[in-house]
Each structure stands twice: as structure tokens, then as C-alpha cells.
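One-letter residues, chain by chain:
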Amino acid sequence: MGTKNRWSRVVLGYSGLVPNQWCEFSFGIDWDTDESALSVPDFALVGIDLRAPDGSSLDFDQVPGLDRTLLDPHGAWIAGPALHPGEVVAPRTAMVRVAFALPAPAAEVAITIRSWRNTHAFVIGRPRLLQVAREAISGMAAPFRRRRPLAQNPEWFDYVLITGRPLILRGQIFAPAPGEHSALARIVYRDVNGSEIAPPYPGTILIPAVGAFVNIPAQQQARRFTLDLAPPAEAARVSVGFATWDGTVTEVELLDAPEVSLEDGLRLESLSGEDRLSSSEFLANLAERLGVSPAAVLHWCPPPRVAEAVPPILARAQALRYGEQQSRPAGTPLRLAQCPDWPLPEDPDWTEDPFRSVAWRIAYQSLSWLWPMAGSHGDAEAALRLALSWSAVNPWGEPADALALHPAALAMRAEVFVRLLGRCSGATATHAVALTGEMVRHGFALAEIVGQNALARSILQLEAASALLCIARALPGLPLSGHWLGLATNGIADCVERLTHLNEGIADPSPHRRLELINLGAALAGALKDQPLGGMITRRVEAALPGLSELLDPGSRLPPFGDTPHGEDHAGWIGRLRAAFAAGRDLVAERRGGRTASPPPAEPSAGFLIRRQDSTGRNWGHFACTYATRGQGHRDVTSFVYATEGIRWIVEAGGSTLVETGAARHHLASAEAHNVAIPDGREPGSGEAWLAGSTPLDGATAYEIGTNVHGPMYAHARILVILHDLSGLIVLDRFAAAVRPVTVEGLIHLAPDVLAAIASPRRAMAQYGRSRLAFTPVVPSGRAAGLSIVNGRYDRPGKMQGLVSQQPGILAPASVLRYAFAGTDRVCGGLLIASDTTAEGRLATLLAGRTLSPILAGPDS
């Protein structure tokens, strides 16, 4: 493989695959001994193109386990040699495994391994792709994606037009039996009053029984199509309905909602050109493209009262999260992204990065901190000056800081410009045009993100649509505002449908991100309260909020699984959301007040096992385990945290991959930072986990969680036996493999202020003050293979161990208890964890009892 050359690649094809199952692609990689790009996370790229049975490529918006990439439809990055856990040898070698789902109707894949940041050639060998039936593993056969089967009754999509301008829709259909009449798109144009404009229309066929339509033939099973709609001059809206021709055509489906774009002359890149245009010059360019007088630009600038009347969405979400912001006089140091105070220069050059923090730079470039300044008496002009300074230094396509174009910064900054225009009533006409120009320029960027569904299934897509909604409302005189308003509304509805479910809650595996999504939904519900869409969002937020409240521990924290930024007051945040929705009882205050009796075992739900002990007369206890579906994020499925007698003993490494960079980011996302089991050195990958069953015991409950995250070579289950008073628990992992040796290593992360020691070859102890916690290896099937403690190891990036994140940018040393067990074919082992001898005896009795025996042995034993 060549060096730093994305076109130096190896392409491998696999056919005859079974749809709707998980795949594992593995290969060996040998690095050159002189390789210098040792610690880069994007050393090379595995690109994956999912294809129909006839080999035609399928355009899925998302594939579980993979990222969207530019060169290949989906992919996964290969980290540099130093970030792999194996020992440094010459030549450097490692096994790479990529797990991903195969959504129907895909039955083939083309896998491309590309050179990217490597400085010397590397060698690929022993490639293999394996599948395993989902039904055999999890009992689940739910599809990996939302399907859109077509029928004679069309599936309609509605769009707002720009008067006299074409609209371009791009999409893809799948037809098992390709033909000349696989599908059609019915077209209906309407005027400003909503009345249908009678066909014929340009570029369409007219049949009385069908109406105006565009035929969509398919020469291959997967057919990409482009509809260039040329509306009549009086058309204000268009409805496009995708359907099959007749009932004899079956199983044709639209893979996803069509992408929406304008003609090339009204694309942001075309309007910006190659010159460094100011925002005012950008508006002049737009007026010329639209064929209107330059004087029309002044009519596009909204009066301050119009901009001020637009309800903010992202700012409202921030207020729900942190509380209402206080006015901040100019000259007050900035505090952003949990970083220390920083004095703002009089004339910033907008490349500032005082803390080497990605999160700080995104917050700085978002300009969200200008709004508190604008609210301070007499400082609105200073805020306006800084906003115009940012605009002057950041012509489109040439930002002073590349993170200025991050979608989170882009969306928030767009809303800031709207709010500043509403606040600065004394702004000159020149300043108003400059602010309006930035609003319009940001509107084009956001419209392209939303229309092309560029950030599918992410909160960033929802933020982009929310900001576009604000801009469209603030610019009623702009000819594009109606089109943007329609795009934003459709985009918000689509995101909410993808990311939330009325009965199942929110699928994101991170409790913190679930809360972020509920928070943004609450802000959107307020901004859309007079529309049906607002009612739908309200119902989903109200349905999801109680379940999230139940995840709070007695110390008012959400479980630290997935990305978990520091400094968040989750209880206060949820309290503000509950107050906004008048949701009744305050569960947070109720828990703080205590109960008269220990609560019954909580039912597992939404991918989490939660147990609390907060009865009167005892210090609180808490247990949480995650089995939420995992993509390419943290390798923490089946990880758990544990506290008893008010002491947090077992913790997660925590932290946010947005804040951390380099080796620290790689470590926090890896299995080494979580309380999981690793068979034969194989880190868990993407996959699914499910609650296989629960068994009531005497004063305890046993839970069995099945997973396929270790790949098709292993059948895995984690078994948890939890005493109801949380004085102890047993954690066991059961692995079955085809007749061969299996060695499993388990990890338990202790809090940094907890002391740990090996008390004997079969026992470890942890101590905090006068309290102790005992760890005893138990191996129902197989043999014990060692016990050790690692604290603060960071001699090699790929072997970082015993480190937890306690504040942004800092990893603190902590003790990690590493236990191992081994056997052949089928093994089961783990730890008995007890806070006193009574709990230890109870757990030992349960472990030796007959009730647990079938669970420990597993099926077909």
C-alpha cells in the first residue's frame, strides 16, 4: 500500500451475503519499521460500499457500525501502530476488525482499504468476512433502517418553491426486478393559495388516469434518479408522490427521503466564487443571480422588531441546560466549554486557541457568548462590532479557524446573528446589510446540510434545521425564505422521527446525549407550539423525559456511559425541563428526600439496568449497567458502575471524545477504559446487546445480557447477580467458542481516591476511609488465570491503562483491577464483589445454588 495517497488502495468484493445481519471484516496489517505516523487516529481508511444482489451500489443514510465518509459511502478509520494494544515488534503487526450491519436489501459489499496518513507503505494480509444470523444470537430480526416500500398509492413529499426557479430532487429506488416501469414520481404544482395548477407541466408526462408524472426506470436493482423540476411561473409549492405503476410490481422501495437542492447558480459555492467576498458583496451577488435590482437588498433586511420576534431555539436549549444567562459587560473574561476564564482581546483575529481545546474553539467560533454581552446595558454596540469583525475575517470557504465551519458552531452562530439584528436597533443601514448578509450566507450553508441530509441521524442535523428555521422566519422579504422554511420544517420532522420513538424513547446509547436531544426537542416544541409538528415533538419529549429522570442516581448524576462531558448538573437540567413541561412530581427532589423502605428492583428498560438504594437509615447505593445498542463510539456495552454506602467504588473512565484529542481520546473510547470483558485480546466492536432474561433469587436478582459485540467467533453473555440492598454483586462473563482455547480478561475501574491492593492470590481489596470492598475471582467453568492491578500506565498510547477523566483535558491515575480466566470451548468467570462478610456469604450461597446453574452453563451445555 502506498503512502499518503488516497488512491493507493486495495479493493475486495464479497457476495452472497444474508441481509439484515451483522458482518465482521478482519485483516492483518504489517507496518514498516520506519513508519513515523505512529499515533494518528486516521492512519488508513476502510471504505465499505453496500450493494444490491446484482452489484449496484445502495445509498443508505446510515449503516450501524460505520461512519459516513467522503471517498466511500461508509467507512471506519484504522489507527496508527502506536494506538494498537499489541507489543511493539519489528515489523509492527496487528489484526484489524470492523463490525457493521448489513441492512436489507444489501447482499454484497465492496471493501476498499486506502492509504491516508501513513509515511511508509504497509501490507494487508489474511482478509476475511464473516456473518452470523441475528436470530440465532439475539432473537431479534428488526430491520436496521426505516423502509419506504412503494405502492400504487403514492408516498408524498411537499416542497416550497422559489418563484420561477427549478428544484432538484435526488434519490434512489430499489427494484428486485428491474424494468422500464419500476416506479414513477407524480407531480402536482400549487399556487400561493394552495390551489392545484392544472397540468401539463414542463418535463412531465400526462396520463389522465395518473396525472402528471416522471417515469423512473431501473436498469439495475439500485437506481439513482434525479428529478429536475421546472415549475410553472405561478407555482409556489410542489408535491412529489413516489409510487409503483400497478399492483403487479412488488417490493420496490424508496431507500430514503430525496435530497433537495437548488440549481447550481444558487449554490453557496457558486455564489461565493473564488473571491473573498464580504457578506454585503455576497448579497449583491445573490441579487444578481435572482435577477432583481441591487436596491432589493435593502428590502431583504428585516426591521429589528421582526428579528426580535423570532423565537430562538438553540439559545432556549442552552437556557434549559445551564439556566438563563446573565448579562455580561464587555471586557468580562470569557468562560467557555468548562475551561478557565480567558480575557478577550480588544481586536481578536479569530484564530485564538488558548487551551488547545476543540470544544473551546467550537464554543468561541459559535459567538454564543456575544448574546450576554448584547444584553448588558450599553454593550450591544460592542457585541455588534465583534460580530462584524468575525464576518470580515471569515469570508466563506476561508475561515480563520477551520472549526468555524463545524455544524454546531455554524448553527449557533446563525441564530446569534438573528438575535443581534433584533437587539441592535441603532445599527446603521450598512451594518444591517452586513448582518443580513451573514444570515443569508449561513442560511445557504444550513439549507445544503439539511436538504442533502448530510448529518443523518445526529443531533447536529437537528440543530442545523432549527437554525435554518430561525433564519427563514427572520427574513420574510428574502425570496428564499419560504423554501428554507419548508426545508427546515421537513428536516426537523424527519430528524425527530429518526431519533425518537413515542413508545421506545430515544435510541442513543449515551444518557447525556439522550438528554441533549430531549432538551433540543423541548426548545423546538416551544418554537413550534402553534403547529402540529410542535405537538408531535411535545408528546415525544414528555414520553421520554420520565424514563431519563429514572436514570439519575441518588447523587443526581446520569450514568457516565458514552460521551459524558464534565461539569453538567443533570438533576438541575432535568428539573428545568420538567418545569417547562409541568410534568408533575419532582423525582429528583423525591430521591433527595429519601424513602421509608428500599425500593423494589427496577425493571430494565431503554438499554440500562438500574438499581438504587436510598432508604432511610442507610447511605445510598447505586448500580447501573448499559446494554444500549452500540455503533462506532465507546466500547462500553455491558460496562457498569457501582456505589454502596454513599461511596462510588466502581467508575467509568468517562469524559467526552469532543473534548479529548489524540491518544487520550482513543483511550477513552476503547474497551480499556471500560468495565468489560475482552476474550483473546479482541476488543468489543459494534453490535447489539439484549436482555436475555432475569431470575428472582433470595434477596437478589440475576440478569443475563446477551451480546454479539465480540464477533461471530463467540457467543457471549454477561451475568449480573445483584443484592437488593446493593451490599454486593457478582459479575460473570460466559463465552462459548468452537472447540479451541479461550482466555478472557476482565476490567474493573476503581475511583481515583480508592486504594487497591492484592490481598492474596485469590483476593483483592479496595479501601476508602474505613470502608472496604472485597473482590474474589469466581470461575464456574474453566480456570482462574490471574489477578493484577494497574495504575496510571501511559508509557504507550495503545497501552494506556488505569486512567479516568475527571476534568476536561486531564486523565487522572486510578487503579484498574484486571482479572483473567481461561478454558476450552466454553468458559464462565468473573468476580464476587462484597462490602462485608454478610454480603459475601449471601452471594456465595446464591452462586452455589441450583437456580443459577442453568444460567451459568448457558444454552445447549
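Residues numbered from 1 in each chain as written. Predicted model: local features only at pLDDT ≥ 70, side-chain atom pairs only at ≥ 80, totals over all residues. Heavy atoms only, no water.

Caption draft 1: The arrangement of the overall build of the protein chain in detail. What the protein chain contains, in helices and strands, is 20 helices and 35 strands. On the principal axes, the C-alpha backbone points of the protein chain span a range of 85 × 70 × 60 Å. Counting across all 861 residues of the protein chain, residues that qualify as buried make up 56%. Of the roughly 34,200 Å² of accessible surface on the protein chain, 52% is carried by carbon and sulfur atoms. (Helix = DSSP H or I, 4+ residues; strand = E, 2+ residues; numbered from the N terminus. Buried < 20%, exposed > 50% of the residue type's maximum accessible area, 1.4 Å probe, protein only. Areas by Shrake-Rupley, 256 points an atom, 1.4 Å probe, with all protein chains shown as cover.)

Caption draft 2: Seen up close, the packing of aromatic side chains. As enumerated under the stated definition, the model contains 23 aromatic pairs in all. The interplanar angle of 85 degrees and the centroid separation of 4.7 Å between the aromatic rings of tyrosine 189 and tyrosine 201 together place this pair among those described as edge-to-face. Highlighted residues: tyrosine 189 in strand β11 (residues 183-190) and tyrosine 201 in the loop between β11 and β12 (205-207), separated in sequence by 12 residues. Neither residue differs from the other here; tyrosine 189 and tyrosine 201 are each classed as buried. (Phe/Tyr/Trp six-rings, centres within 6.5 Å; stacked < 30°, edge-to-face > 60°.)

Caption draft 3: Seen up close, the sheet that holds strand β2 (residues 21-31). On the basis of which strands lie adjacent, the open sheet formed by 3 strands has the order β6-β2-β8 and antiparallel pairing. At either margin of the open sheet sits one strand with a lone partner, and together these are β6 (92-102) and β8 (123-132). Ignoring which end each strand starts from, the neighbouring axes of this sheet average 15 degrees apart. Where β2 and β8 come together, 8 bridges link them in antiparallel fashion. Following the sheet pairing, glutamate 24 is matched in β8 by leucine 130. (Pairing = 2+ DSSP bridges. Axes fitted to C-alpha atoms, helices over the stretch in contact; angles between N-to-C directions.)

Caption draft 4: Focus on the sheet that holds strand β4 (residues 67-68). Spatially, the 5 strands line up as an open sheet ordered β1-β7-β3-β5-β4, and their pairing is antiparallel. Only two strands of the sheet have a single partner each, and these edge strands are β1 (9-14) and β4. Bridging between β4 and strand β5 (residues 74-78) involves 2 bridges; their strand directions are antiparallel. The residue of β5 that forms the bridge with aspartate 67 is glycine 75.

Caption draft 5: Structural context of helix α10 (residues 407-423). Under the 1.5 Å per step criterion, the end-to-end length of α10 is 24 Å for 17 residues, consistent within 8% with the ideal 24 Å. Burial runs high along α10: 14 of the 17 residues are buried. (Expected span 1.5 Å × (residues − 1).)

Caption draft 6: Representation of the nonpolar core. The biggest cluster of nonpolar side chains holds 143 residues, and the ones touching the most others in it are Val240, Phe242, Leu286, Trp369, Leu370, Trp484 and Ile492. Among the elements that line this core, the one with the most residues is helix α11 (residues 429-451), at 12 residues. With sequence-adjacent residues up to four places away left out, leucine 370 is seen in contact with Ala383, Leu386, Ala387, Val416 and Leu420. Counting residues in each nonpolar core, the second largest holds 51 residues, with Phe623, Leu720, Phe735 and Ala751 among its members. (Core = buried A, V, L, I, M, F, W, Y, C linked by side-chain atoms within 4.5 Å. Contact = heavy atoms within 4.5 Å.)

Caption draft 7: Molecular detail of the environment of proline 372. Along the chain, proline 372 falls in helix α8 (residues 370-374). The buried category is assigned to proline 372, whose relative accessible area is 8%. C-alpha of proline 372 to C-alpha of arginine 770: the two residues are 398 residues apart in sequence and 48 Å apart in space.

Caption draft 8: The arrangement of the pairing of β2 in detail. Most of β2 is tucked away, with 10 of its 11 residues classed as buried. Pairing of β2 with β6 involves 11 bridges; the strand directions are antiparallel. Counted as the bridge partner of aspartate 30 is threonine 93 from β6.

Caption draft 9: Inspection of the confidence of the model for the protein chain at higher detail. Scored by pLDDT, the protein chain has a mean of 90; 93% of the residues are at 70 or more. Low pLDDT (under 50) marks residues 583-602, which in the prediction has 39 contacts with non-local residues, meaning those over four places away or in another chain. (pLDDT = per-residue confidence, 0-100.)

Caption draft 10: Seen up close, the state of the cysteines. Counted by the stated rule, this structure contains 0 disulfides. No disulfide involves cysteine 495; its nearest neighbouring cysteine sulfur is the one of cysteine 470, lying 15 Å away. Judged by relative accessible area, cysteine 495 falls into the buried class, the value being 4%. Of all cysteine sulfurs in the structure, the one in cysteine 625 sits closest to cysteine 828, which takes part in no disulfide; the separation is 15 Å. Take cysteine 828: its relative accessible area is 0%, and that puts it in the buried class. (Disulfide = S-S within 2.5 Å.)

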